[in-house]
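Residue-level structural notes
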Amino acid sequence: MEFLDRYQDIVADAISKYTFKDKPTELYEPMNYIISHGGKRLRPIMVLMACDLFGGDQKMAIKPALAIEFFHNFTLIHDDIMDEAPLRRNKPTIHTIHGINTGILSGDGLMLKAYKFFEDLEPEIFKACVRIFTHTGLLLCEGQQYDINFETQENVTFDDYIRMITYKTGVLSASSFEIGAMIAKAQFKDAKAIFNFGKHIGIAFQIMDDYLDVFGDQAQFGKKHAGDIYENKKTVLYLLAREHGTEEERKELDYWYSKKTDNIDKVYGVEKIFRRTRVDEKALRLIEKHNEIGQSYLSKINVPEEKKKPFTELANYLLRRES
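Before going into details, it helps to say that this report is about the structure given with it. (Residues numbered from 1 in each chain as written. Predicted model: local features only at pLDDT ≥ 70, side-chain atom pairs only at ≥ 80, totals over all residues. Heavy atoms only, no water.)

1. Here's the deal with the packing of helix α7 (residues 123–152) against helix α8 (residues 158–183)
It is the contact of α7 with α8, at a shortest axis distance of 8 Å, that shows an interaxial angle of 165°. Judged by the angle between their axes, α7 and α8 are roughly antiparallel. By crossing handedness, the relation of α7 to α8 is classed as left-handed. In terms of residue class, the contact of α7 with α8 is made up of 17 nonpolar, 4 polar and 6 charged. (Axes fitted to C-alpha atoms, helices over the stretch in contact; angles between N-to-C directions. Helix = DSSP H or I, 4+ residues; strand = E, 2+ residues; numbered from the N terminus. Parallel < 35°, antiparallel > 145°, perpendicular 65-115°, else oblique. Left-handed = near helix turned anticlockwise from the far one by under 90°. Nonpolar A, V, L, I, M, F, W, Y, C, P; charged D, E, K, R; others polar.)

2. Details of the pattern of salt bridges
Side chains carrying opposite charge are able to pair once their charged atoms draw close together. Across all of its chains, the model carries 21 salt bridges by this definition. Ionic pairing is found between K113 and D22, a salt bridge with its closest N-O pair at 3.2 Å. Of this pair, K113 sits in helix α6 (residues 100–116) while D22 is found in the loop between α1 (2–17) and α2 (25–36), placing the two residues 91 residues apart along the sequence. Two residues, R88 and D80, come together in a salt bridge whose shortest N-O distance is 2.7 Å. For the residue pair R88 and D80, the accessibility class agrees, reading buried in each case. Each of the salt bridges in this network shares a partner with another, and the network as a whole consists of D83, D147, E151, K168, E231, K233 and K260. (Salt bridge = Lys/Arg side-chain N within 4 Å of Asp/Glu carboxyl O. Buried < 20%, exposed > 50% of the residue type's maximum accessible area, 1.4 Å probe, protein only.)

3. Some remarks on unusual backbone geometry
With glycine set apart, most residues show a phi of negative sign, and most peptide bonds adopt trans. K23 connects to P24 through a cis peptide bond whose omega is 0°. Position of P24 among the secondary structure elements: in the loop between α1 and α2. A positive phi is found at R89, a non-glycine position, where the angle reads about 55°. Mapped onto the elements of the fold, R89 is located in the loop between β1 (87–88) and β2 (91–92). We note that A226 has phi near 60°; this positive angle belongs to a residue other than glycine. Looking at the secondary structure, you find A226 in the loop between α10 (218–221) and α11 (227–230). Relative accessible area serves as the criterion here: at 0%, A226 is assigned to the buried category.

4. Examining the environment of P64
Positionally, P64 belongs in helix α4 (residues 58–83). Put simply, P64 and L48 are 16 residues apart on the chain and 9.1 Å apart in space, counted from C-alpha to C-alpha. Apart from residues lying up to four places away in sequence, P64 is in contact with F117, F118, L121, I179 and I183. (Contact = heavy atoms within 4.5 Å.)

Encoded structure:
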């Protein structure tokens, strides 16, 4: 995955160059804090990869790529506040260090800084990219609200869940690729194909995230084990367990998901049902299905096959996270 290392270096250099030095430091240091922890920085890399795929000027894509990274981190700050999460990337979350008010403000600041990073684009491309970016942000908010609704909503269908994760996760990956394609002035059908590739890889990635919450190695995953169970998140594991469980197991799930508690018995009880119904195997099959759909969209793009190889490698890398 040498190509990924190269892109990560480009993004890291750009983040270093554009470190926030504004005042008050109490606002901007938390923004620098979350961005400096990095993670894999996949979404800005997706912008650069798509720009390169269609022969665009990579220099023009660097600031928009950072816009995506800033926006992504804004969503993480606010997500952690809503989930009362203590850890992000194995580090204390911003609101646990600086308080909820500063967490909200620094998230807002990151989102607004993101918009400024599109300003160097030529007018027509600027308009197209900001339209995609704004629509993506709204869908992400809708997905987050659906996720919150599901905690107390009795009947959540599999289609409800897929819509929620598409909005929460799939569209940001999709739009990252699409924005890179727009900067490179790709043909409309190719830009849409790379968007759909990103959407399905993003869906697969979120299903993998749900899977790793319970079946992953916490040290590798960097989040609290079984956090989704504590939070009553109706993830793919929960939905598959309800579909394939016995009447007694469904009643037990209803019991545990009717209360928000840190009681370890809840985690043990729910995990036992997950294992009995083999939802881990079923979730992995769904991940493979969405990867295959994504690859089918990639195959439609009118560029040499050699140039598509990094995209297939990236998808396989994302979906082979430690478990």
